[in-house]
Amino acid sequence: MVLRAGIIAAASLSLAGCGGESQPDRDEIPFDPVYEGVETSLLDGDLVQFHVSMRGARDNADLADYADCAAAQYALIRGYGFARHLRTNVDEMGGLWTADAVYTISAALPRGLKTIDAEVEVATCAENGIPTV
């Protein structure tokens, strides 16, 4: 899944370098997302798994943004203010992008580098037109 996408991306980059052509900037790629939905599973206490799917993604980051939005809204629904991203596996097949993402949710700012302030994230998601749970 992620490994396959990483290998494909690395191969694409190495081939792109052979022809002297540069890859388009992410902002130059057409972006017309269709958000296909979120499935949420409480794994254990504060550990939550999200399966998100969409069409029209530009890359893995679009799926990560969608999963972050779902995690932030879920944290707020459960009465928590924060989430921390643990991992995301992304796959694409036939134009359907899917991600399996795991987060912890908490009332206080958790330790770690990939922390999410749920209220701020949900507001950002609304501004960017990304649905939440």
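1. Re the state of the cysteines
This structure, assessed with the given rule, holds one disulfide. A disulfide bridge connects Cys69 with Cys125, and the sulfur atoms are separated by 1.9 Å. Taking the sign of the torsion about the S-S bond as the criterion, the disulfide between Cys69 and Cys125, at about -95°, is left-handed. With a gap of 56 residues between them, Cys69 in helix 2 (residues 60-77) and Cys125 in helix 3 (residues 118-128) connect regions that are remote in the sequence.

2. A few points about the packing of aromatic side chains
Aromatic ring pairs are defined here through the distance separating the ring centres and the angle between the ring planes. The tally for this structure, following the rule as stated, stands at three aromatic pairs. Ring centres 5.7 Å apart and planes at 80° place the aromatic pair Phe50 and Tyr74 in the edge-to-face group. With a gap of 24 residues between them, Phe50 in strand 2 (residues 47-55) and Tyr74 in helix 2 connect regions that are remote in the sequence. Across the pair, exposure class does not vary: Phe50 and Tyr74 are buried alike. Aromatic pair Phe50 and Tyr103: ring centres 5.7 Å apart, planes at 75°, arrangement edge-to-face. Of this pair, Phe50 sits in strand 2 while Tyr103 is found in strand 4 (residues 96-106), placing the two residues 53 residues apart along the sequence. The residues Phe50 and Tyr103 share a single accessibility class, namely buried. Over the aromatic face of Phe31 sits the side chain of Arg58, whose NZ or CZ is 3.7 Å from the ring centroid.

3. Describing the nonpolar core
Core analysis: the largest hydrophobic core is formed by 26 residues, its most contacted members being Phe50, Leu63 and Tyr103. Of all elements in the fold, only strand 2, helix 2, strand 3 (82-93), strand 4 and helix 3 reach the threshold of two or more residues within this core. Per element, the largest residue contribution to this core is nine residues, and it comes from helix 2.

4. Here's the deal with the sheet that holds strand 2
Ordered by their spatial adjacency, five strands build an open sheet running 1-2-4-3-5, and the pairing between neighbours is antiparallel. One side of each edge strand has no neighbouring strand; the edge strands of this open sheet are strand 1 (34-44) and strand 5 (115-117). Across the sheet, the axes of successive neighbouring strands diverge by a mean angle of 30°, strand direction being ignored. Packing of helix 3 onto the sheet brings it into contact with strand 3 and strand 5, and relative to strand 5 it is tilted by some 75°.

5. Thoughts on the environment of Asp68
Tracing the backbone shows Asp68 in helix 2. Taking the C-alpha atoms as reference, Asp68 lies 8.8 Å from Cys125; in sequence the two are 57 residues apart. When residues no more than four places from it in sequence are discounted, the contact partners of Asp68 are Tyr103, Ile116 and Glu121.

6. What to know about the packing of helix 2 against helix 3
One way to put it is that helix 2 packs onto helix 3 with a least axis distance of 8 Å and a crossing angle of 130°. Between helix 2 and helix 3, the angle falls in the class oblique. Pair helix 2 / helix 3 crosses with left-handed handedness. Seen from helix 2, the contacting residues are Asp68, Cys69, Ala72, Gln73, Ala75 and Leu76; seen from helix 3, they are Ala118, Glu119, Glu121, Val122 and Cys125. Here the contact of helix 2 with helix 3 is composed, by residue class, of seven nonpolar, one polar and three charged.

Cut-offs and rules
Residues numbered from 1 in each chain as written. Predicted model: local features only at pLDDT ≥ 70, side-chain atom pairs only at ≥ 80, totals over all residues. Heavy atoms only, no water. Disulfide = S-S within 2.5 Å. Helix = DSSP H or I, 4+ residues; strand = E, 2+ residues; numbered from the N terminus. Phe/Tyr/Trp six-rings, centres within 6.5 Å; stacked < 30°, edge-to-face > 60°. Buried < 20%, exposed > 50% of the residue type's maximum accessible area, 1.4 Å probe, protein only. Lys NZ or Arg CZ within 6 Å of the ring centre and 35° of its normal. Core = buried A, V, L, I, M, F, W, Y, C linked by side-chain atoms within 4.5 Å. Pairing = 2+ DSSP bridges. Axes fitted to C-alpha atoms, helices over the stretch in contact; angles between N-to-C directions. Contact = heavy atoms within 4.5 Å. Parallel < 35°, antiparallel > 145°, perpendicular 65-115°, else oblique. Left-handed = near helix turned anticlockwise from the far one by under 90°. Nonpolar A, V, L, I, M, F, W, Y, C, P; charged D, E, K, R; others polar.

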